[in-house]
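Commentary on secondary and tertiary structure
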Amino acid sequence: MALENKTILLIEDNPEMRENTAEILELADYRVVTAQNGKEGVQLAHQHQPDLIICDIMMPELDGYGVLHMLGKDEKTAQVPFVFLTAKAEKDDYRKGMSMGADDYLTKPYDDVELLHAVEMRLKKSERLRRQFDRSSEGFDQFLREAGSFELIEKLAENKKIRSLRKRDTIYTEGSFPSSIFFLQKGKVKAYKSNDHGKEYITDLYKEGDFFGYLDLLQGEPYRETAICLEKSEVAIVPKEDFFSLLQGSREVSSKFIQMLSNEIKEREDRLLQLAYNSVRKRVAQALVMLVQRYQEDRSKPFSMAITREDIASMVGTATETVIRTLSDFKDERLVDMKGSLITVLEYEKLVKMRN
């Protein structure tokens, strides 16, 4: 893994220490941006979006704890690995920094090897966590291994339970209280809400490699939807205690889930706007596009999936009969093909560009 040309932000108020540390990093082919105090460091972090931040603790205007706190509140900088520098070696300082989410800690004076080793290890770990892990049991285990401390991951691996589920089996129900998060190793899962008359609206679709069920757990509220298997599936279960320990123990993992939450909320808002303003024909096309986007990476090839007309109606927010008529029109236009419950999308791009 090439780490050359990675940008490192060095925040240090001591001119000699700042210059010496910057020189060591530049000799190792890192691009270094320097700040002489915490306030300037926060500004440069937003301006340069560094790959790693090295920050002194005791500084004028804004100390290192304040820098970490401010950057941790911004989604764009919260995921950047953060290494503290300090002349103190007291355990209280170490604990405070790590409890706030620091990734590593270097005590002055440090030598060249110690500095470069810490930087290289942090950058490599961050790079691995940003990668898309294999959507498999091995990929899930790899994510957990990279996510936190060895002892914590060992515990998670021991407690991880795998449920083998059949089509239409329920994973959790609306109104029940969450006690775990879920990782879909194999299969397909739908999440839906029901109104007072029992009519369903599909809120999300999950594919292999997806985490789900964590939004309500993080908010400490009962599930607002029900999750059911669309086909034979395998689901890994992580108890909430271990999940929260993982979040609290790793800024990188918590940042990953912040991004996932942001994407999930944005997607749901976009779908609600579509329901409000788009025609039924456009919404059925968008439902088929969503299926392709969720379950097939190569959009240039025809996509096939067995799904009931009732489920498509639940995605679209209309009557099943209306979906059947619209799909029949799409078949006549050679946009899709249908054999029983199997729907094949033939013209993905035309469905994407469907007029309202």
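Up top you'll find the structure we're talking about.
In this text, all values refer to a predicted model and were calculated from it rather than measured experimentally.

1. Structural notes on the sheet that holds strand E15 (residues 336-339)
- Taken in spatial order, the three strands of this open sheet run E14-E16-E15, and their pairing is antiparallel. What marks the edges here is a single partner per strand, and that holds for strand E14 (303-306) and E15. On average, each strand axis in the sheet is inclined to that of its neighbour by 15 degrees, with strand direction left out of account.
- Here four bridges tie E14 to strand E16 (residues 342-345), and the two strands are oriented antiparallel to one another. Each residue of the ladder has a partner; that of Ser304, found in E16, is Thr344.
- In the packing of helix H14 (residues 320-332) onto the sheet, contacts are made with E15 and E16, and the angle to E15 comes to roughly 120 degrees.

2. Some points on the pattern of salt bridges
- Across all of its chains, the model carries twelve salt bridges by this definition.
- A salt bridge links Lys190 to Asp311; the nearest nitrogen and oxygen atoms lie 2.6 Å apart. Note that Lys190 is positioned in strand E9 (residues 189-194) and Asp311 in helix H13 (residues 309-316), a separation of 121 residues in sequence.
- Between Arg281 and Glu333 there is a salt bridge; the shortest N-O distance is 2.7 Å. Of this pair, Arg281 sits in helix H12 (residues 280-295) while Glu333 sits in the loop between H14 and E15, and the two are 52 residues apart along the sequence.

Conventions adopted
Every chain's residues receive numbers from 1 upward, in the order its sequence appears when written. Note on the predicted model: pLDDT of at least 70 is required for a residue's local features to be given, and 80 or more for side-chain atom pairs to be given and counted; whole-chain, interface and lining totals, by contrast, use all residues. Side-chain descriptors were evaluated using all non-hydrogen atoms of the structure, hydrogens and water having been removed beforehand. Strand pairing is defined by DSSP finding a minimum of two bridges between the two strands. Helix numbering and strand numbering both begin at the N terminus, where a helix is a DSSP run of H or I of at least 4 residues and a strand a DSSP run of E of at least 2. The axes are straight lines fitted to the C-alpha atoms, using for helices just the contacting stretch, and the angles between their N-to-C directions are given from 0 to 180°. Contacts are assigned to residue pairs with any non-hydrogen atoms lying within 4.5 Å of each other. By definition, a salt bridge exists where a carboxyl oxygen of Asp or Glu is found within 4 Å of a side-chain nitrogen of Lys or Arg.

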